[in-house]
Amino acid sequence: MVEAIQPPAQATYWLVQGQTLFWIVNLLGLACFAYIVAKRITPLLRAQRDPRFDRPFLRLGRLLQFWLGQWRHPRYLAAGIIHIFLFAGFMVLVAHTFYFLALGTSRHATMPSGLYAAISDYAATIVLVCMIVAIVRRILKPARYAVPPRYGKAHTADAIFLLSLIAILMLADGLFEGSLAASQFQQRLAVESLPVLSLAWILKNALIAVPLPALANLYLGAYLVHELAFYFLLCYRPFGIQFHVETSLFSVYFAKLDRGTVKPVRWGVPDDKLDQVKSFGVKTIEDFTWKHMLDFYSCADCGRCSDQCPANAVGRPLSPRFITTKARDYCFQHYPIFGSSHNGQPLIGGIYSEDEIWSCTTCGACEAECPLLIEYIDKIVDLRRGMVDDGKVPQSLQKPLKALESRGNPFGKMEKKKADWIKSPAFQQTCTVKVLNGDHAADTLYFVDSITSYDDRIQAIGRATAKILDRAGENFGILGAVEKDSGHDVRRFGEETLFMALRDHNTEAIKASGVRRIVTADPHAFNALKHDYKDVPPVEHISQFIARAVEAGRIKLNPVEDPNSVYAYHDPCYLGRHNGIYDAPRAVLDAIPGLKRVEMARCRDRSFCCGGGGLALFYEPKEDQRMGVKRVQMAAEAGANVIVTACPFCMVNMEDAIKVAGMEGKMTAIDLAELTEKQMR
Amino acid sequence: MARIFAYIVHKAGVADDSAAELVAAAKKIDAAQAPTAVVAGWGAELDSVCESLRASYGEVWKIANESLAYPNAELVRQALVNVLPAGCIVLLPHAHFATDLAPGLSIKMNAAYVPDVLGVDAVEGAVLKLVRQEFGGQISAHVRCDISSGAVITIRPGAFKPLEGAPAGGVVVDKSSAVGPLTTGRRYLETVVAETGDVDITKYSVLVSIGRGIQDPDNVSIAQDLADAMGAALSCSRPVVDAKWMEKSRQVGSSGQTVKPKVYLACGISGSFQHLAGIKGSPFMVAINKNPKAPIFRVADVGIVADILEFLPELTNQIREK
Amino acid sequence: MEILVCAKRVPDTSENEIELNSAGNDIERDDLVYSVNEPDNYAVEEALEIVERTGGTVTVVTVGGDEDEEILRREMAMGAKQAALLSDDTFEGSDGRGIASILAAFVKKGHYELILTGVQADDGAAQVGGMLAALLDYPFASLVTSIEFQEGGKLKIGREIEGGNKEIYEIDLPCVLSIQTGINEPRYVGMRGIRQVASIPIPTLGKAELGMNGFSGKAAAKVKCTDYFVPPMGKGAEMLTGSQGEIIGKLVDLLKAKGGLK
């Protein structure tokens, strides 16, 4: 085809031939980028190992779902849609970009035509529109973008700068094509058809009457601007949140597959060799694994995690977003692009405060929300392990930890009293509970755990659970005095050694009892037995048991008596979010004839943590309000006057919150097992 | 029976209440003997204390020395060692001063030492059979003490009720010259007075007091509501201050404030003697505690076994309605 | 600064129910959980904080038998560099003075500038610190809640007295101080820490090594505990019964009668 105006490779830019210039630009740009990326990789090479190369097909599938499919994005609808369009536009433009870059270095290069060209023109237009919307959003920003002063300053100017550069890139692209088409039109040559209403088409029509020399300059200028903007962006992205453009692919591919469990102290070091590890946990940035560091780079600073974080919502010093961005800034500062790296600074007392790290209840709302699948719980646990190793444990937690060590439960109650709850006179008449101690055996173990065994109020949940198992004809027993705390929260509060002692003790007791199944009403125990313990029989939560029994007709439920009761089910974090059990408890409630049930706005994987279980009950955080209070208010807002939960810790927190919020008489709390037992025929 | 001396603690010219209790304790050891008071100090304040003691003690030994103007236990100990006869029995009130003074005194006098005695069961020649408590007051113990070379015994405040009786008409004997030179490796600098908080609990006639049973700093408001409804002040025991849930100025006890209310509600307080030591004047005491075996129920007038977190809000409502 | 802390292994009162045994001559010890006496733990933490500022080491010592070694290990896991167990059959039955004499003999074998004990232990006697100081002729202060360093090798200490007030003294070194709870926030010691010191040998010293004579053991004890008993209830409180509503009604009436309500 006759060229309307000289293509960039052949044109002369201020005495330099285009081809030469752009070879230099490309080489320099790529070299710069490679150097920067190499510098960014340096701390990852010094980090701890993390085996993430297993199960490639599963990982690929998730990559397609979460990265390509942008699965999590629509959870925040407006921003989600913008980003999906943006991402789609970028994906489409990848090939286009390579062609575009080649244009400057080869006299024979051409741009693609036909369907792909049309699609990429629309893509560029959509990206431009997204940029404009995004810039406006940065100015009229949503609350979750805000940066509280103690975390630093907002990077609004930087964000707008980057967004503008992308917009300029798109404009340059459009100008390039538009000016070419306009020049072709003026010279009565075959005009490359541009799709209607695309940016290029608009610009073509705008420039249609501009004199040819000016068009030629615009054409070549647009190309140069595009090149420079492209390489500037490429090299600038690794300095901020935009680095996620490159790292997100890896971040999502290598994301954690096994939910509910916590990483070992050191990958590759088995439990019996842990004594040789000099230091437990994360104390300096190099103690994190390479994947965790990659997470720091990949954060797009969207704030969705902190928006969902219950600790953040009640004014505790924790905000997950800033856990990540502070660590990222720390990496950038201590492993700079120019200059030597200096490492080994302690994180606690530096970028993180002790209270900040102890404030987390490990509810997982942040992890459930993050579009990039960034992990938080493992990092918090690792930081806690580091603090425990250094003896920096808050006094309020030292007492229950000591009690766990000497008595096997955080209350310090005596072992021989663990099964006293089965001896309550009224209960004993209707239900006998076997203690599996060699004299008795059973198929099923009811793992009671500490709070249900020892707390006066929560023992009622234990009795209700036992009655349900009995009525459903289950051959079950409890371990009694030999059962120690599951250790679930001991582990998540960083005391790995104590956890292992509890786990090993319980594992032996469970094996010795000869049971083939385990049932528990405590989601924390459930999660521990399912994910933290090895070599124990399969475990089920009582809600699953009841749902099956109701469906099979082994348990029949009476209709509700009070027509004015409206029930809202609160998803416990360790039943719902961490283990995906949302429907079984709801099926049980819906099987009670006449029961009116409403859903809270924040339900299922958006459930709002009650305040935490296990050791979290003992920790005294600085907060504006209790999480439980917010939750019972949510139940009231949904129109409920009864909040149903399936976790003993949720129960403690809800009943406490009802008192503190002054809602006695307006709201009651009941456990799923207690409700079932009440309605059982 | 050896001679019995009672060491008198005093402040601003007034003898401590324990002075009368020590007489009662001495009489339990030897009913036939009129115990001797020994008082150390300086100046007009010392004289005034000695005068006041003549009513209850047969003899009052005055030890006046300028370096004893402030009661530095290290110096007082030396003075006592020089003044007191070998083989005697010395009684002191079990409190801050005795903790400093008495153990070392027993060594220097080569005497037996029995601290925090609640009762005298029997006297068998040169052996006293005494009653003490251990394990935070949960268990009592009988203790045999060989007094053949003397004894230093500290008495639990409030354990021995002061005796009624005719004035003893005692004489003041000046023993200052027997003191000898006093040197010490511990020099008194000053006393830092605790900051008065917003509320002076010693001025209230009705107190609602909370202990460990309140469980959580957020629950303190439940007790404050009750105090407001009753027109009372809110006070607490030591664990609540140690956990930093309330200010030190609200603590009732031997290391906190001494209060003399008419009515005292002990909520979730176990009843350790250090706490009870801060309550004077036998108020009407109501104890509310989840543990039916809590020691507080031994000393309260009225007891309720209940969870204060449930009981107090209901009580507050009822009071407001009346 | 070389600091010695004297510690004791005691039944943990908060995690135990103290009851009489069936013979009535001691408490039931079968189900008891033991740990280091809480004020002693505060003393070790204080000592560790001091040597972190001034350099030196912390030594922990206890008088007892093999079962008492575990608290020495725990304090070593906390950071004490040295420990010693003072154990001998003839130490059995020692009274407070006996224990203090044994400790004094140990002190004389070393060079300690500061000796700390906890204010009191399970028997509530609060005696060993003061006795130890008198035996060594060192100045002493009890119920210490703050320690500061002055120039010239002296300390400025605060001790608690009634009313929440605090006496401030200047004290010469070497001295003995008994430490009150709440003076600091002891660091956490976990199972891992204890495991790491599990195989460090702890020297045991008996009567001969200490060069002792007299004053310890049953024969020399002037004070002996003969038996334990549960204190009689006496009159005790009048317990209110009934439903919570009924109890509250009765209580409100009583409070009104006694002038407890405005």
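All of these numbers come straight from a predicted model, not from anything done at the bench. (Residues numbered from 1 in each chain as written. Chains lettered and ligands numbered in written order. Predicted model: local features only at pLDDT ≥ 70, side-chain atom pairs only at ≥ 80, totals over all residues.)

1. Considerations on the overall build of chain A
Phase 1 of the analysis: What chain A contains, in helices and strands, is 27 helices and 11 strands.
Phase 2 of the analysis: Dimensions of chain A, computed from the C-alpha atoms along their principal axes, are close to 100 × 60 × 45 Å.
Phase 3 of the analysis: Burial status across chain A gives 48% buried among its 681 residues.
Phase 4 of the analysis: Of all intrachain contacts in chain A linking residues separated by at least 6 positions in sequence, the fraction that spans at least 24 positions is 78%. (Helix = DSSP H or I, 4+ residues; strand = E, 2+ residues; numbered from the N terminus. Buried ≥ 20, exposed ≤ 12 C-beta atoms within 10 Å, placed from the backbone. Contact = placed C-beta atoms within 7 Å.)

2. Quick word on the domain arrangement of chain B
All names here are of chain B.
Phase 1 of the analysis: The domain boundaries assigned to chain B delineate domain 1 (4-178) and domain 2 (201-321).
Phase 2 of the analysis: Relative placement of domain 1 and domain 2: their C-alpha centres are 32 Å apart.
Phase 3 of the analysis: Each partner contributes residues to the interface: domain 1 has 6 residues there, and domain 2 has 5 residues.
Phase 4 of the analysis: Among the residues making up the side of domain 1 that touches domain 2, the classes are represented as 2 nonpolar, 3 polar and 1 charged. (Domains from an automatic or database assignment. Nonpolar A, V, L, I, M, F, W, Y, C, P; charged D, E, K, R; others polar.)

3. Some points on the interface of chain B and chain C
Buried accessible area, meaning the area lost when the parts come together, often serves as the stated size of an interface.
Phase 1 of the analysis: Contact residues are listed per partner, giving 69 residues for chain B and 65 residues for chain C.
Phase 2 of the analysis: Counting residues per element, the side of chain B that touches chain C draws most heavily on strand β10 (residues 139-146) of chain B, which supplies 8 residues.
Phase 3 of the analysis: Split into classes, the residues belonging to the side of chain B that touches chain C amount to 31 nonpolar, 21 polar and 17 charged.
Phase 4 of the analysis: Relative to strand β13 (residues 238-239) of chain C, strand β18 (residues 302-305) of chain B is paired through 2 bridges, and the arrangement is parallel. Note on β13 of chain C: the bridge partner recorded for Gly303 of chain B is Met239 of chain C. (Pairing = 2+ DSSP bridges.)

4. Some details on the pairing of strand β11 (residues 668-671) of chain A
Residues and elements named next belong to chain A.
Phase 1 of the analysis: Bridging between strand β10 (residues 642-645) and β11 involves 4 bridges; their strand directions are parallel. Each residue of the ladder has a partner; that of Val642, found in β11, is Thr668.
Phase 2 of the analysis: Where the polypeptide runs from β10 across helix α26 (residues 648-660) and back to β11, its parallel neighbour, the crossover connection is right-handed. (Right-handed = clockwise from strand over helix to strand, strands pointing away.)

5. Examining the packing of helix α3 (residues 73-83) of chain B against helix α4 (residues 96-108) of chain B
All names here are of chain B.
Phase 1 of the analysis: Closest axis-to-axis distance for the α3/α4 pair is 9 Å, and the angle between their directions is 35°. The interaxial crossing formed by α3 with α4 has right-handed handedness. Only Phe97, Asp100, Leu101, Gly104, Leu105 and Lys108 of α4 make contact with α3, whose side of the interface consists of Ala73, Val76, Arg77, Leu80 and Val81.
Phase 2 of the analysis: Taken together, the residues of the contact of α3 with α4 sort by class into 7 nonpolar, 1 polar and 3 charged. (Axes fitted to C-alpha atoms, helices over the stretch in contact; angles between N-to-C directions. Left-handed = near helix turned anticlockwise from the far one by under 90°.)

6. Describing the environment of Ala112 of chain B
Phase 1 of the analysis: Within the secondary structure, Ala112 of chain B sits in strand β7 (residues 112-117).
Phase 2 of the analysis: Among the residues examined, Ala112 of chain B registers 25 C-beta atoms within 10 Å and is labelled buried.
Phase 3 of the analysis: Between the alpha carbons of Ala112 of chain B and Phe273 of chain B there is a distance of 24 Å; along the sequence they are 161 residues apart.
Phase 4 of the analysis: Residues in contact with Ala112 of chain B, not counting those within four places in the same chain, are Ser106, Cys145, Asp146, Ile147 and Ala151 of chain B together with Lys222 and Val223 of chain C.

7. Observations regarding the sheet that holds strand β15 (residues 233-236) of chain B
Phase 1 of the analysis: Strand order in the open sheet formed by 6 strands is β15(B)-β14(B)-β16(B)-β17(B)-β18(B)-β13(C), and the pairing between neighbours is parallel. In the strand order of this sheet, the two ends are held by β15 of chain B together with β13 of chain C, each with one partner.

8. Notes on helix α1 (residues 18-29) of chain B
Phase 1 of the analysis: Over its 12 residues, α1 of chain B extends 17 Å from the first C-alpha to the last, a length consistent with the 16 Å expected when each residue adds 1.5 Å.
Phase 2 of the analysis: Within α1 of chain B the residues assigned to the buried category are Ser18, Ala19, Glu21, Leu22, Val23, Ala25, Ala26 and Ile29 of chain B. (Expected span 1.5 Å × (residues − 1).)

9. Some remarks on the sheet that holds strand β9 (residues 596-598) of chain A
Residues and elements named next belong to chain A.
Phase 1 of the analysis: Within the open sheet, the 4 strands sit side by side as β9-β8-β10-β11. Their pairing is parallel. Each edge of the open sheet is held by one strand with a lone partner, namely β9 and β11. Averaged over neighbouring strand pairs, the angle between their axes works out to 35° when direction is ignored.
Phase 2 of the analysis: Two strands pair when backbone bridges link them, and strand β8 (residues 566-569) and β9 are joined in this way by 3 bridges, in the parallel orientation. Following the sheet pairing, Val566 is matched in β9 by Lys596.

10. A look at the environment of Ile296 of chain B
Phase 1 of the analysis: Summarising the element assignment, Ile296 of chain B is placed in helix α8 (residues 296-299).
Phase 2 of the analysis: The spatial distance from the C-alpha of Ile296 of chain B to the C-alpha of Ser205 of chain B is 20 Å, given a sequence separation of 91 residues.

11. A closer look at helix α7 (residues 212-236) of chain A
The periodicity of an α-helix, 3.6 residues per turn, causes residues three or four places apart in sequence to face the same way.
Phase 1 of the analysis: In this model, α7 of chain A (25 residues) spans 35 Å end to end at C-alpha, consistent with the 36 Å of a helix rising 1.5 Å per residue.
Phase 2 of the analysis: On the buried face of α7 of chain A, the contacting elements are β1 (12-13), α1 (18-46), α3 (77-105), α5 (156-186) and α6 (199-207) of chain A.

12. So, the nonpolar core
Generally speaking, nonpolar side chains in soluble globular proteins are found buried as a group.
Residues and elements named next belong to chain C.
Phase 1 of the analysis: Grouped together as the largest cluster of nonpolar side chains are 207 residues, with contacts concentrated most on Val5, Leu103 and Leu132.
Phase 2 of the analysis: Among the elements that take part in this core, helix α3 (residues 96-109) stands out by supplying 8 residues, more than any other.
Phase 3 of the analysis: Once you skip the residues sitting within four places of it in the chain, Leu103 turns out to touch Cys6, Val61, Val63 and Leu132. (Core = buried A, V, L, I, M, F, W, Y, C linked by C-beta atoms within 7 Å.)

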